[in-house]
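Structural description and commentary
Given next are the chains, with one letter for each unit.
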Amino acid sequence: LQEKLTDGAPPAAGRLYRMAPFYTAPRARLVEGSAVSRAELDPRTAFVLHTREALYLWVGAHAHPDYEAAAREWTRLLQRFEHASAEVSLERQGDESAAFWAAIGGEGPVAAKLAKYDEQYGVGKSPVLEAPAIEVRLPSGAPLHVPLRQPSGNQLLSVRAAPDTHAPLPTHREGPSPLATAR
């Protein structure tokens, strides 16, 4: 524990990050488990391996270009905030360096796919998830459609109210208060 607190570097075995689908663009997810290993690699996405000595960007043979772009951005963030190696070693599946294999625990075959990721990757799956529809009702009962925030600047694209089919509620200036008539 003291080692982790003193220098902020990844553990000796390193950290492995998987690019996963998300709402605005793919995002990095730390691969949880006992040890960094090639058994975690899935050719449908990209991974970033952050070790004390190096930064590796591994791109699977069937990875969408958005996953590679997300992995490149993640390496930039690791360099900026985690003081990771300035040089990124790009490793494409089937053309990996000996240094990469040594860092990930040994050379060997990579599975055609990992079943635990089937819901996120595969035929008909996109690296960008469809935003859920959010509907809020106005006091008049009309729906107000609220879009998700955009990734740049976190500003709403638009807010549109459905056509008002109900008469507006009276205000205290237009007539008696509902509280006054209830007494």
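See above for the structure.
Residues numbered from 1 in each chain as written. Predicted model: local features only at pLDDT ≥ 70, side-chain atom pairs only at ≥ 80, totals over all residues. Heavy atoms only, no water.

1. Observations regarding the pairing of strand 4 (residues 55–59)
Convention followed: Only protein chains enter the accessibility calculation, which uses a 1.4 Å probe; a residue whose area is less than 20% of its type maximum is buried, one above 50% is exposed, and one in between is partly exposed. Put simply, DSSP marks the helices as runs of H or I at least four residues long and the strands as runs of E at least two long, and each gets a number from the N terminus on. Strand pairing follows a simple DSSP-based rule, namely that at least 2 bridges must link the two strands. Orient the strands so they point away from the viewer, and a crossover whose first-strand-to-second-strand path over the helix runs clockwise is right-handed.
Summarising burial for strand 4: five of the five residues are buried, a large majority. Along strand 4, one buried face is formed by Leu 55, Leu 57 and Val 59 and the opposite face, lined by Tyr 56 and Trp 58, is buried too. One ladder, built from five bridges, connects strand 4 with strand 5 (residues 88–92); its direction is parallel. Bridge pairing in strand 5 links Leu 55 to Val 88. The parallel pair strand 4 and strand 5, bridged by helix 2 (residues 65–81), forms a crossover whose chirality is right-handed.

2. What to know about the packing of aromatic side chains
Two descriptors summarise a pair of aromatic rings, namely the distance from one centre to the other and the angle between the planes of the rings. Applicable threshold: Here is the rule: rings of Phe, Tyr and Trp (six-membered ring for Trp) pair when centre to centre is within 6.5 Å. Planes less than 30 degrees apart are stacked, more than 60 are edge-to-face, and the remainder are tilted.
In this structure the tally under the stated criterion is four aromatic pairs. Ring centres of Tyr 56 and Phe 100 lie 5.7 Å apart, and the angle between their planes is 70°; on these two criteria the pair is classed as edge-to-face. Residue Tyr 56 is located in strand 4, and its partner Phe 100 is located in helix 3 (residues 98–104); the two are separated by 44 residues in the primary sequence. The class of Phe 100 is buried, set by a relative accessible area of 1%. Put simply, the rings of Tyr 56, Phe 100 and Trp 101 touch in pairs and so form one group of aromatic residues.

3. Structural notes on helix 2
Quick reminder of the rule: Every helix has an expected span of 1.5 Å times one less than the residues it contains. Directions from the helix axis toward the C-beta atoms define the arc. Contact between two residues is taken to exist if any of their heavy atoms lie within 4.5 Å; hydrogens are not considered.
With 17 residues, helix 2 ought to run about 24 Å at 1.5 Å a step, and its terminal C-alpha atoms sit 24 Å apart, in line with that. For helix 2, every residue scored as buried is listed here: Tyr 67, Glu 68, Ala 70, Ala 71, Thr 75 and Leu 78. The buried residues of helix 2 all sit within an arc of 160° when viewed along its axis, so they share a single face. In helix 2, those exposed residues whose orientation departs by more than 90 degrees from the buried face are Pro 65, Arg 80 and Phe 81. For helix 2, the secondary structure elements touched by its buried residues are strand 1 (15–20), strand 3 (46–50), strand 4 and strand 5. Looking one or two residues beyond helix 2, the residue adopting positive phi is His 83, at roughly 55°.

So far we have only geometry, and geometry alone does not tell us how the molecule works.
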